[in-house]
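# Structural characterization, general
Here's the letter readout for the chains.
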Amino acid sequence: MTRCPACQADLELDGYELDVGETIHCPECAEELRVVSSEPMAVKAVDEEEG
Ligand SMILES: [Zn+2]
């Protein structure tokens with residue numbers, strides 16, 4: 001299970017084909033998240049990277 005690092009919502013990414021480096025938006029808080037790993041799926045807030 002992949003959780004949003006900002007609000008901890010379950011992103012339900014199972015079954016999605018996301019490549020490392022792609023960005024998605026959390027459906028709960030609209031945080032912009034970048035895919036940093038696909039096995040296992042992991043995301044990181046884009047704001048964190050740029051700070
Ligand atoms: Zn969120």
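Up top is the structure these notes are about.
Residues numbered from 1 in each chain as written. Predicted model: local features only at pLDDT ≥ 70, side-chain atom pairs only at ≥ 80, totals over all residues. Heavy atoms only, no water.

## Some thoughts on the coordination of the zinc ion
Of the protein atoms, only C4 (SG), C7 (SG), C26 (SG) and C29 (SG) coordinate the zinc ion, at distances of 2.3 Å. Of note is the zinc ion, whose four donor atoms meet at the metal with angles of 107 to 113 degrees in an arrangement that counts as tetrahedral. Spacing between the donor residues of the zinc ion along the chain follows C-x2-C-x18-C-x2-C. (Donors = N, O, S within 2.8 Å, 3.2 Å for Na, K, Ca; no water. Tetrahedral: all angles 85-135°; square planar, octahedral: opposite > 155°, others 65-115°.)

## Focus on the environment of Q8
Relative to the helices and strands, Q8 resides in the segment before strand 1 (23-25). Of the residues examined, Q8 reaches a relative accessible area of 45% and is grouped as partly exposed. A C-alpha to C-alpha distance of 12 Å links Q8 and A45, two positions 37 residues apart in sequence. (Helix = DSSP H or I, 4+ residues; strand = E, 2+ residues; numbered from the N terminus. Buried < 20%, exposed > 50% of the residue type's maximum accessible area, 1.4 Å probe, protein only.)

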